[in-house]
Amino acid sequence: MPARLVVLVSGTGSTLQALLDAAADPSYGAIVAAVGADREGIDGLPRAERAGVPTFVCRLGDHVDRAAWDLALAAECARFRPDLVVSAGFMKLAGPAFLHRFGGRFVNSHPALLPSFPGVHGPRDALAHGAKVSGCTLFLVDDGVDTGPIVAQRAVDVLDDDDERTLHDRIKVAERSMLVDVVGRMMREGYRVNGRRVTIP
Ligand code: GAR
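What counts, and where the lines are drawn
Residues numbered from 1 in each chain as written. Predicted model: local features only at pLDDT ≥ 70, side-chain atom pairs only at ≥ 80, totals over all residues. Heavy atoms only, no water. Helix = DSSP H or I, 4+ residues; strand = E, 2+ residues; numbered from the N terminus. Rg over C-alpha atoms; globule rule 2.2 N^0.38 Å. Buried < 20%, exposed > 50% of the residue type's maximum accessible area, 1.4 Å probe, protein only. Contact = heavy atoms within 4.5 Å. Areas by Shrake-Rupley, 256 points an atom, 1.4 Å probe, with all protein chains shown as cover. Near = heavy atom within 4 Å. Polar contact = N/O pair within 3.5 Å; in protein donor to acceptor, adjacent residues only side chain to side chain. Nonpolar A, V, L, I, M, F, W, Y, C, P; charged D, E, K, R; others polar. Core = buried A, V, L, I, M, F, W, Y, C linked by side-chain atoms within 4.5 Å. 1 Å grid on protein atoms, 1.4 Å probe; cavity = no way out; pocket = protein on both sides within 12 Å on 5 of 7 lines; lining within 4 Å. Points joined across faces, edges and corners; volume = space filled by probe spheres on them. Axes fitted to C-alpha atoms, helices over the stretch in contact; angles between N-to-C directions. Parallel < 35°, antiparallel > 145°, perpendicular 65-115°, else oblique. Left-handed = near helix turned anticlockwise from the far one by under 90°.

Describing the overall build of the protein
Part 1 of the argument: Along its length, the protein carries 6 helices and 9 strands.
Part 2 of the argument: Here the C-alpha atoms of the protein give a radius of gyration of 16 Å, agreeing with the 17 Å that 2.2 N^0.38 yields for 201 residues.
Part 3 of the argument: The dimensions of the protein, computed from C-alpha atoms along their principal axes, are 45 × 40 × 40 Å.
Part 4 of the argument: Per-residue burial over the protein gives 48% buried out of 201 residues.
Part 5 of the argument: Pairs at least 24 apart in sequence give 61% of the contacts found in the protein among residues at least 6 apart.
Part 6 of the argument: For the protein, the exposed surface amounts to about 9,700 Å²; the carbon and sulfur share of it is 52%.

Written out as structure tokens, the structure reads:
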């Protein structure tokens, strides 16, 4: 049986697309069981629909508070029985209820080499700092902001004439390949977490 992924998105969904394309091959060992978004009208949702993958939208504004939204998001994901939840450009922080349910099997892809440049502007912050190398990080989500145990990283050179867009676009190329490669291996081979050290046998 292939492993089941639920992918969470907030925007363009190019990272999601890479997973959808990879998972279309049975040898990948995982399927995208559902795609969840925090709002309607984003490009990630039609990508899922074109691939025949069920979608759901869980809007913060439709809930009385953040805790209720967090519970609802966890319940929506749980309906699809994921082995792994993948945040692929999901721009909201999951809360305690979500982490209670999915802690240890919830990964996020971030466009910087953590622990440098956490938050929502990884490429912009790396440029502003004058970093010569940035990249992307896949990590297990914990209750901090981009602080969880690191699963994989890829380095990307910062070029002298880069702006936020060109740097982020190059990082996203590395990010798509990292995510497809590493999530596939995690699902086919399993992974171990020992404190902050994550290993895939
Ligand atoms: C990706 O670069 C992802 O790392 C970033 O959003 C982009 C989504 O692109 N996420 C964050 O910055 C989270 N802090 P996409 O919508 O084209 O997949």
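Looking at the site of the ligand
Part 1 of the argument: Neighbouring the ligand are 14 residues, the closest being Gly13, Ser14, Thr15, His168 and Glu175.
Part 2 of the argument: Between the ligand and the protein, one listed contact pairs an oxygen atom with a backbone N or O atom of Ser109 at 3.1 Å.
Part 3 of the argument: Here Gly119 contributes a backbone N or O atom positioned 3.2 Å from a nitrogen atom of the ligand.
Part 4 of the argument: In isolation the ligand offers 450 Å² of accessible surface; the protein chains occlude 93% of this area.
Part 5 of the argument: If you list the elements that add at least two residues to the shell around the ligand, you get helix H1 (14-23), strand S5 (106-110) and helix H6 (164-189).
Part 6 of the argument: Here the shell around the ligand gets 3 residues from one element, more than from any other, and that element is H6.
Part 7 of the argument: Partitioned by chemical class, the residues of the shell around the ligand number 2 nonpolar, 10 polar and 2 charged.

Concerning the nonpolar core
Part 1 of the argument: Counting residues in hydrophobic clusters, the biggest one holds 40 residues, and the most contacted among them are Val7, Leu138, Val183 and Met186.
Part 2 of the argument: At the level of secondary structure, the elements contributing two or more residues to this core comprise strand S1 (3-9), H1, strand S2 (30-37), helix H2 (44-50), strand S4 (84-87), strand S6 (133-140), strand S7 (150-157) and H6.
Part 3 of the argument: Per element, the largest residue contribution to this core is 9 residues, and it comes from H6.
Part 4 of the argument: For Met186, the contacting residues outside a window of four places in its chain are Leu84, Val107, Leu138, Val151, Tyr191 and Ile200.
Part 5 of the argument: Val6, Ala34, Leu99 and Val141 belong to the second largest nonpolar core, which has 22 residues in total.

Points about the environment of Ser14
Part 1 of the argument: With respect to the helices, strands and loops of the structure, Ser14 is situated in helix H1.
Part 2 of the argument: What makes Ser14 buried here is its relative accessible area of 16%.
Part 3 of the argument: The sequence separation of Ser14 and Arg47 amounts to 33 residues, and the corresponding C-alpha distance is 8.8 Å.
Part 4 of the argument: For Ser14, the side chain forms a polar contact with the side chain of Arg176, separated by 3.1 Å.

Here we look at the layout of surface pockets
Part 1 of the argument: When its volume is computed, the largest pocket comes out at roughly 850 Å³.
Part 2 of the argument: Lining the largest pocket are 42 residues, and of these Gly89, Phe90, Met91, Ser109 and Pro111 sit closest to its centre.
Part 3 of the argument: Listed by contribution, the elements that provide at least two residues to the lining of the largest pocket are H1, helix H4 (96-102), S5, helix H5 (122-129) and H6.
Part 4 of the argument: The biggest single contributor to the lining of the largest pocket is H6, with 5 residues.
Part 5 of the argument: Taken together, the residues of the lining of the largest pocket break down into 15 nonpolar, 18 polar and 9 charged.

What about the packing of H1 against H6?
In a pair of packed helices, the angle between the axes and the distance between the axes together describe the arrangement.
Part 1 of the argument: Relative to each other, H1 and H6 sit at 40°, their axes nearing to 9 Å. Classified by the angle between their axes, H1 and H6 sit oblique to one another. Remark: the crossing between H1 and H6 carries right-handed chirality. In contact with Ser14, Thr15, Ala18, Leu19 and Ala22 of H1, H6 contributes Lys172, Arg176, Leu179, Val180 and Val183.
Part 2 of the argument: The residue inventory of the contact of H1 with H6, partitioned by class, reads 6 nonpolar, 2 polar and 2 charged.

Brief notes about unusual backbone geometry
Part 1 of the argument: For the bond from Leu114 to Pro115, the omega torsion is 10°, close enough to zero to count as cis.
Part 2 of the argument: Phi is positive for Asp146, close to 60°, though the residue is something other than glycine.
Part 3 of the argument: Examined against the element boundaries, Asp146 turns out to sit in the loop between S6 and S7.

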